[in-house]
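# Topology and contacts: notes
Next come the chains, spelled out residue by residue.
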Amino acid sequence: MRLRDKLDGRRVLLTGVTGFVGEAMLQRLLTDLPGVRPVCLVRPKQGQPGRDRIAKLLRRPTFAAAAERVGGLDALVALVEVVEGDLADVPELPTDLDVVVHCAGDVSFDPRIQDAFTSNVVGTHNLVTRVVEASVAGGRQIHYVHVSTAYVGGRRRNAVPEASVAHDVDWRAERDAGLRLAQRIEDDSRQPEVLTRLTAAAQREHGRSGPITVAQDAERRRRDWVREQQQAAGGERGRSLGWTDAYTFTKAMGERVVEELTSGTSRDLPGAPALPVSIVRPSIIESALVHPFPGWIEGYKMAEPIIMAYGRGELPEFPASPDGVIDIVPIDHVVNALIAVCATDPEPGVPQYFHVSTGARNPCTFAQVHELVREHFEKHPFDASVTGAVPLATWRFPGSTAVERVLVQGETAHRLADRALGMLPRSDRVRDFARQLDRTRSRLEMLRRLLDLYRSYTQVELQFIDDNTLALHRALDPDDVELFAFDTAVVDWTHYFRDIHCPAVTAPVRKADALRKRRGVAPEPGPRRLDGDPAGVLAIFDMDGTLLSSNVVENYLWLRMPELDGPDRVREIAKLVGRVPSYVRAERRDRGAFLRQVHRRYEGADLHQLDALVDEVITPHVLERVSGSALRRVREHRAAGHHTVLVTGAVRPLTRPLAALFDTVVAAELAADDDGRATGFLTSPPMVGESRAAWLTRFAQVHGFDLSRSYAYADSQSDLPLLRAVGRPTAVSPDVALYRAARAARWPVENWRTPPAASRSRFPDVRHDTTGVALP
């Protein structure tokens, strides 16, 4: 009989229809097997009912032919019955089902251990239990078809038969231990020694911003640590038992669940009858050869990241043997085999196994794939003017150990360069260097991920025997062969990679490249356009390093140097130089503590004389250090009617030259004794890091300003909380840490240059009619 006749009128339940295999399976049923009555188990998502998710799925171009056949999308949606549910809590299933095809599961190579077990073991257990219950309630044999992977055979060598995998691993014990281990890792992440280490790392990076920023980053690091440890735990347990990773390990455990629960002798389902079971094991599933159209693929699978990285010139080597076999199978061969399996009637309690693979009868080697992919990109390179692609590498296949050694060398060199970067003074050249290092880091991270994920798959030497699958194919009615063929020996790898797969997976990128080329290379975000509505808008400016090239130590010298002669100036500078190490330590630990140390040097200064010195001597020196771009931006905000704010850690007298430009000035206030002389202390804590953001938030609340429409300009990582508090931040001549944060957040980055005439080695001179300030 033809497949359409065998399956006519059968109710087939599918799981995972929003995934690659499930979608392809549903598409073929609706398009080429009109007599099948599909039922889909669909999980509601983000307030979207399961039926709406199916309707959205059926609007895709892949279902256009099916919709046209039945008279439109609404009619097509009506053909699909939806059962809302999740593998974590499978609802009761219809009792009149004929076939259940389980396509869902976690297919990533490095899942967290609990995710792998929950999807591939617990979810399978829940589904098979419901299938058995529905079979008993309906008094009928439901054929359960389980989609697994050929790699459940583990790290064996040579021939892998179509049979139950030989192992004595207790899936229940592994399931329970895996879930406990995941929780233990979560608990361990809260142990003092772990938190201390993570907090110290956060402190080193964000200490200048403030304790809340440090705490937030420490918590982010804790979550990242948990995820990485849980991922590593699954992979290590799988490899310790002979599998490549957590994915193949838990898939093998899932098969054992199926074999036991459908055997009629399961202790979990006492008295339940045996069921007919088929386990289908595809190898690496890639784009379609023919159906629904050549090259159809959803998302990136195993080969695509490698192909794309190679085409970008970012994959100089690959840790495989040139004669190693990469077992790839087109998605339509997998679906055709599944359809043929659904039409079989296996003996209850005796599972049948099918490999859908190519390595045994139609092998494709890594060297062959490399040559075909290289040939494609030589004829159709990515646009280097848009993507920055470099010449294509010629893989020498030096082996996994050599590739690992070169990668470790690169990672070490990058780590040392990045450490040195943090010690360099800020400049355009340093920021360019940071950009280059960031690109290098992304490339190294990508290489590390590819190496870690695919190393095991490049080292296995497996031949998946597909005798059962070939026999099933040969049993097809001759009239079904053209539409439902799945003999993978017919795949011409040269044609597949050169004419189908590579063009299909690179087409979206080429389209995006062409669009970017028409638009021009997108620059970094430029200056923001000012809001035309002035109501409720603030414009906040940092002073030192933003409006003018200076820092609080220089500010102190401006006020100290005018009263000193040459030798005294040398001695004063020498004193400051001697304090530099303690200043640096203080600033890295707590910028507020650093400012307090510097401001202590004002002890004994007459505050009125400080104001006079600034007005009569320092003002010209300050103004010549102010960036012309900064002045223009402040005036633009004032012209737009925005409320301008100057915020600085410098002492208030030094803001006097700029005070006329701002509606509000926030500066360090020196405490004074009864004689008007500075005590060396401040009247309130320094306005730095998070305190600036807190002050700004309160100021906006009290005075009715809208921070989401407000602007902020600053140069230092310590100002991240301030910049994040507004809707329109700009990084000005930023240090490396702020520059990286700005690029990640897509904030504008501007360089407000100091006038060329300004010199950092020249100090103000006292005019003849000015009395000294008498700083001790």
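Basis of the calculations
- Residues numbered from 1 in each chain as written.
- Predicted model: local features only at pLDDT ≥ 70, side-chain atom pairs only at ≥ 80, totals over all residues.
- Heavy atoms only, no water.
- Helix = DSSP H or I, 4+ residues; strand = E, 2+ residues; numbered from the N terminus.
- Buried < 20%, exposed > 50% of the residue type's maximum accessible area, 1.4 Å probe, protein only.
- Contact = heavy atoms within 4.5 Å.
- Areas by Shrake-Rupley, 256 points an atom, 1.4 Å probe, with all protein chains shown as cover.
- Pairing = 2+ DSSP bridges.
- Axes fitted to C-alpha atoms, helices over the stretch in contact; angles between N-to-C directions.
- Right-handed = clockwise from strand over helix to strand, strands pointing away.
- Arc of directions from axis to C-beta.
- Salt bridge = Lys/Arg side-chain N within 4 Å of Asp/Glu carboxyl O.

## Thoughts on the overall build of the protein
The helix and strand inventory of the protein stands at 27 helices and 19 strands. The principal-axis extent of the C-alpha atoms belonging to the protein is close to 115 × 55 × 55 Å. Looking at the protein as a whole, 53% of its 776 residues are labelled buried. Within the protein, counting contacts between residues at least 6 apart in sequence, those at least 24 apart form 77% of the total. When the accessible surface of the protein is totalled, it reaches about 34000 Å², and 52% of it is carbon and sulfur.

## So, the sheet that holds strand β13 (residues 643-651)
The strand order β14-β13-β12-β17-β18-β19 describes an open sheet built from six strands, whose pairing is parallel. Each edge of the open sheet carries a strand with a single partner, namely β14 (664-668) and β19 (749-750). Judged from the two bridges that link them, strand β18 (residues 728-732) and β19 form a sheet pairing that is parallel. Opposite V732, over in β19, you have E750 as the bridge partner. Where helix α24 (residues 628-639) meets the sheet, it contacts β12 (538-542), β13, β17 (711-714) and β19, and its direction lies at approximately 160° from that of β12.

## Overview of unusual backbone geometry
A cis geometry characterises the amide bond from H291 onward to P292, with omega recorded as 0°. Its place among the elements puts P292 in the loop between β8 (284-286) and α11 (303-311). Notably, F397 is not glycine yet its phi reads approximately 50°, a positive angle. Within the secondary structure, F397 sits in the loop between α14 (384-387) and α15 (400-421). Although it is not a glycine, R746 sits at a positive phi angle of roughly 60°. For R746, the position within the fold is in the loop between α27 (736-745) and β19. Owing to a relative accessible area of 51%, R746 belongs among the exposed residues under this scheme.

## A look at the pairing of strand β2 (residues 37-42)
Burial analysis of β2 places five of its six residues in the buried class, the great majority of the element. Between the parallel elements strand β1 (residues 11-15) and β2, the chain passes through helix α2 (residues 20-32) in a crossover that is right-handed. Sheet topology note: the β2/strand β3 (residues 81-84) ladder contains four bridges and is parallel. Counted as the bridge partner of V42 is E84 from β3.

## Concerning helix α22 (residues 591-599)
Regarding α22, the residues found buried are R591, G592, F594, L595, V598 and H599. Along the axis of α22, the buried residues cluster in a sector spanning 160°; they form a single face.

## Observations concerning the pattern of salt bridges
Between side chains of opposite charge, a pair can form when the charged atoms approach closely. Applying the stated criterion to the full structure yields 46 salt bridges. A salt bridge links K379 to E375, with the shortest nitrogen-to-oxygen separation between them at 3.5 Å. In this pair, K379 and E375 both sit in helix α13 (residues 366-379), four residues apart, roughly one turn of the helix. Residue classification places E375 among the partly exposed positions, given a relative accessible area of 25%. Two residues, E375 and R498, come together in a salt bridge whose shortest N-O distance is 4.0 Å. With E375 in helix α13 and R498 in helix α19 (residues 493-519), this pair connects stretches of sequence that are 123 residues apart. Residue classification places R498 among the partly exposed residues on the basis of a relative accessible area of 33%. One network of salt bridges, in which partners are shared, links E205, D217, R220, R221, D224 and R227.

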